[in-house]
Amino acid sequence: MATMDLRTDIREFLSSRRARITPEQAGLPAYGGNRRVKGLRREEVALLAGVSVDYYVRMERGSLAGASDGVLDALAAALQLDEAERDHLFHLARRSGAASGPRRRRPAVAVRSTLQQVLDAISDAPAWICNGRYDVLAMNQLARALFSPVLADPRRPANTARFVYLAPEAARDFFVDYDHIAGDVAAKLRMEAGRDPHDEDLIALVGELSTRSELFRQRWASRDVRLRRSGRKRVHHPVVGQLDLDVESLELPAEPGLHLTVYTAPAGTPTADNLALLASWTATQRVEPTG
């Protein structure tokens, strides 16, 4: 799939980052009023990064092989990359310097029973374990109740990226900040593709979303990348109404590629009260399992 072509990834990522920076933002004089390019010229990026124009042109054409960490850091500074974008640049460079490999299907990951016990021990907060493709691999009971709209699709494992882009009406009803969530999902999938471009399931997911969602095609084409981090998420639950949740996403060192995400709210807030109400309601319901 073209979406995973390395040279295309490098070329479009670097050119898109270059296009968003004006000479003024880079501290350069803007000579002449008729600039034919959006953002910085290639020679201006080369100047800022301290490399030759020919070398930068080769990099932007898709070849980062042999670029030192120092050169990559200088390029990241010249393009004013944030932390996620810098990490993505380094992922692309490592791929550029490595022999290309075939697509491969990762073996199915079964979440260890002890991790499920950890989830079940978190009784007052929704918690789940996902991989980088947004597959939901394990949940506690409160998470099953909170994300019941996501689980409405019988396909397993449930996948929040499919929910966001392939069930947009339900997703807009559920996620208060739907547009922000949609951008996040595409950007984090792009980040995952940079880390593991040969993951056959990831390639298939991106292909499915690209084929079936115009919005995903637009967001994917932006080349934006983001890290999985803590933050806030606002949802509108069909039973208890709006919940303004604090989100903590933790990598699991013993399970590379998996993240434990926990949703909480400060005590005494309406969201905390509504979570308690949801927990009470859940105890009376039969909630479908994750997988």
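Just above sits the structure.
Definitions and limits used
Residues numbered from 1 in each chain as written. Predicted model: local features only at pLDDT ≥ 70, side-chain atom pairs only at ≥ 80, totals over all residues. Heavy atoms only, no water. Buried < 20%, exposed > 50% of the residue type's maximum accessible area, 1.4 Å probe, protein only. Helix = DSSP H or I, 4+ residues; strand = E, 2+ residues; numbered from the N terminus. Arc of directions from axis to C-beta. Pairing = 2+ DSSP bridges. 1 Å grid on protein atoms, 1.4 Å probe; cavity = no way out; pocket = protein on both sides within 12 Å on 5 of 7 lines; lining within 4 Å. Points joined across faces, edges and corners; volume = space filled by probe spheres on them. Polar contact = N/O pair within 3.5 Å; in protein donor to acceptor, adjacent residues only side chain to side chain. Phe/Tyr/Trp six-rings, centres within 6.5 Å; stacked < 30°, edge-to-face > 60°. Lys NZ or Arg CZ within 6 Å of the ring centre and 35° of its normal. Axes fitted to C-alpha atoms, helices over the stretch in contact; angles between N-to-C directions. Parallel < 35°, antiparallel > 145°, perpendicular 65-115°, else oblique. Left-handed = near helix turned anticlockwise from the far one by under 90°. Contact = heavy atoms within 4.5 Å. Nonpolar A, V, L, I, M, F, W, Y, C, P; charged D, E, K, R; others polar.

A look at helix α4 (residues 53-60)
For step 1, the next point in the chain: Along α4, the residues that are buried comprise Y56, V57, M59 and E60. Around the axis of α4, the buried residues are gathered within 160° of arc, so they sit on the same side.

With respect to the pairing of strand β2 (residues 136-139)
For step 1, the next point in the chain: Where strand β1 (residues 127-131) meets β2, three bridges bridge the pair, whose relative direction is antiparallel. In the sheet register, C130 faces β2, and the bridge partner there is V136.
For step 2, the next point in the chain: Adjacent in sequence and paired antiparallel, β1 and β2 are bridged by four residues, among which Y134 carries a positive phi angle near 75°.

Observations concerning empty space enclosed by the protein
For step 1, the next point in the chain: Tallying each qualifying case throughout the model produces one cavity of 30 Å³ or more.
For step 2, the next point in the chain: Estimated volume of the largest cavity: approximately 30 Å³.

A look at the side chain of D199
For step 1, the next point in the chain: On the secondary structure map, D199 appears in the loop between α12 (178-195) and α13 (200-212).
For step 2, the next point in the chain: A polar atom in the side chain of D199 sits 2.7 Å from the side chain of R133.

With respect to the packing of aromatic side chains
For step 1, the next point in the chain: Within this structure, the stated rule accounts for nine aromatic pairs.
For step 2, the next point in the chain: Relative to F174, the ring of F163 has its centre 6.3 Å away and its plane inclined at 75°; by these criteria the two rings are edge-to-face. In this pair, F163 sits in helix α10 (residues 160-166) while F174 sits in helix α11 (residues 168-174), placing the two residues 11 residues apart along the sequence.
For step 3, the next point in the chain: Measuring from ring centre to ring centre gives 5.6 Å for F216 and W220, while their planes differ by 25°; the resulting arrangement is stacked. With F216 and W220 both in helix α14 (residues 214-221), this residue pair falls four residues apart, about one helical turn.
For step 4, the next point in the chain: Under the relative-accessibility criterion, F216 is labelled buried at 0%.
For step 5, the next point in the chain: Site record: aromatic cluster; members linked through ring pairs are W128, F147, F163, F174, F175 and Y263.
For step 6, the next point in the chain: The ring centre of W220 lies 3.8 Å from the NZ or CZ of R190, which sits over that ring.
For step 7, the next point in the chain: Positioned above the aromatic ring of Y134 is the side chain of R228, whose terminal nitrogen or guanidinium carbon lies 4.4 Å from the ring centre.

A closer look at the packing of helix α3 (residues 42-49) against α4
For step 1, the next point in the chain: Where α3 contacts α4, the axes come no closer than 9 Å and their chain directions differ by 110°. Judged on the interaxial angle alone, α4 and α3 are roughly perpendicular. Every pair of crossing elements has a handedness; the one defined by α3 and α4 is right-handed. On α4, the residues touching R42, E43, V45 and A46 of α3 are V53, Y56, V57 and E60.
For step 2, the next point in the chain: Taken together, the residues of the contact of α3 with α4 break down into five nonpolar, no polar and three charged.

Here's the deal with the sheet that holds β2
For step 1, the next point in the chain: Judged by pairing direction, the sheet is antiparallel, and its five strands sit side by side in the order β2-β1-β5-β4-β3 without closing on themselves. Each edge of the open sheet carries a strand with a single partner, namely β2 and β3 (231-237). Averaged over all neighbouring strand pairs, the angle between strand axes comes to 30°, with direction disregarded.
For step 2, the next point in the chain: Across the sheet, helix α15 (residues 270-282) is in contact with β3, β4 (241-251) and β5 (258-264); its angle to β4 comes to roughly 90°.

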